[in-house]
Amino acid sequence: MNFSSFLHSTNENVTVTGPHKRWANCSLLSDTYSCRSIIVTKFVKMVRAIDTCASYKILFIPAIFGSASFLLYLITAQAPGLTEEQRAGLRLPRNLADLVTIAAFLQQYKAENLGYVFFLFSCAYLYKQSFAIPGSVFLNILAGAIFPCLVAFPLVCILTACGATLCYLMSCAFGRQYIEQYFPEKLAIIQHKVKENHDRLFYFLMFLRLFPMTPNWFLNIVSPVVNIPIHQFFLSVFLGLMPYNYICVQTGGILSSITSLDDVFTTEILVKLLCLAIVALLPSLIYKRKAKISGAM
């Protein structure tokens, strides 16, 4: 029973007789409007409280980031058989020189601590992907340098998809309001494209992932806001970034001969990735053309 029904039943069950009947009815009517006014006031306060809580949701992200950073530090600090100086060298590579140094160290260290190296690498990769930290290319190359290609390639594909999905979930839970506020124009463009390709969304997502110039970090955080289903998101990341991941992993095997990232992503490689993106988009274009022909008939 809602509040209005309750008031109605209350008025029907109360009977006042005698000369005070008129005034009693007026009193009941006054109490009714007073109760309604109180409920409306409380409802408005509740809505404002919810809005206030929503504005503080973004604070969960630094809290989660700090906790994840501390956990990664603890994992690094527990590295078996290392001195403090060697543990300090276990850090995320920021440039090619860091990458070469860390790869050379881990190649020797994994001989006796393969399980720990595998676990540490997986945690570091998920950390970078989940919080959209630039430089995943270095970890892809590092995987190829310290693990065999048959292990490194599927590993980075799985970690890329899982990390991007964690980023998707955090954006969905805590970042929606701020993405809409700070990226309205880019959001409107992507939202329009998603609606336009609704019936062939997976092919469109594959195109975006294969296209070499797509900002994957932004696509990860904006996907839940434009209502891209999480299963399509996961599969498009897993499959769409396979060529990119394979190139990076393969490069790890010849890391010593690389002088810059330009040696990895040559013009020839970028053209090949662009061709793959166009191929992935072809089913969507064919479907769209058939739909137009069917609509015209």
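Please refer to the structure higher up on the page.
Residues numbered from 1 in each chain as written. Predicted model: local features only at pLDDT ≥ 70, side-chain atom pairs only at ≥ 80, totals over all residues. Heavy atoms only, no water.

1. Structural notes on the packing of aromatic side chains
- One pass over the structure, following the stated rule, counts 18 aromatic pairs.
- Relative to Y116, the ring of Y109 has its centre 6.2 Å away and its plane inclined at 90°; by these criteria the two rings are edge-to-face. Judged on exposure class, the residue Y109 and its partner Y116 are both buried.
- Taken together, a centroid distance of 5.8 Å and an interplanar angle of 80° make the contact between F121 and F147 edge-to-face. Here the residue F121 occupies a position in helix α6 (residues 114-130), and F147 occupies one in the loop between α7 (136-146) and α8 (149-182), the gap between them amounting to 26 residues. Like F147, F121 is buried.
- By way of ring pairs, the aromatic residues F118, F121, Y125 and F147 are connected into one cluster. (Phe/Tyr/Trp six-rings, centres within 6.5 Å; stacked < 30°, edge-to-face > 60°. Buried < 20%, exposed > 50% of the residue type's maximum accessible area, 1.4 Å probe, protein only. Helix = DSSP H or I, 4+ residues; strand = E, 2+ residues; numbered from the N terminus.)

2. Side note on the pattern of salt bridges
- Within this structure, the stated rule accounts for 4 salt bridges.
- The partner of E196 in a salt bridge is K193, and the shortest N-O contact between them spans 3.7 Å. Taken together, the residues E196 and K193, both in helix α9 (residues 184-196) and 3 residues apart, mark about one turn of the helix.
- Owing to a relative accessible area of 34%, E196 belongs among the partly exposed residues under this scheme.
- What you see here is one network of salt bridges that share partners, running through R91, R94 and D98. (Salt bridge = Lys/Arg side-chain N within 4 Å of Asp/Glu carboxyl O.)

3. Points about the environment of E112
- Within the secondary structure, E112 is located in the loop between α5 (96-109) and α6.
- Spatially, the C-alpha atoms of E112 and P80 are 9.7 Å apart, while their sequence positions differ by 32 residues.

4. Points about the packing of α6 against α7
- For the pair α6 and α7, the least separation of the axes is 10 Å and the interaxial angle reads 165°. For the element pair α6 / α7, the angle class is roughly antiparallel. Of the two possible hands of crossing, α6 and α7 adopt the one that is left-handed. When α6 is examined against α7, the residues V117, F121, A124, Y125, K128 and Q129 are found in contact with a partner set consisting of S136, L139, N140, L142, A143 and I146. (Axes fitted to C-alpha atoms, helices over the stretch in contact; angles between N-to-C directions. Parallel < 35°, antiparallel > 145°, perpendicular 65-115°, else oblique. Left-handed = near helix turned anticlockwise from the far one by under 90°. Contact = heavy atoms within 4.5 Å.)

5. As for unusual backbone geometry
- In this structure, A132 is a non-glycine residue whose phi angle is positive, near 55°.
- By secondary structure assignment, the location of A132 is in the loop between α6 and α7.
- The phi angle at N227 is positive, at roughly 65°, despite the residue not being glycine.
- Look at N227 and you get exposed, because its relative accessible area is 58%.

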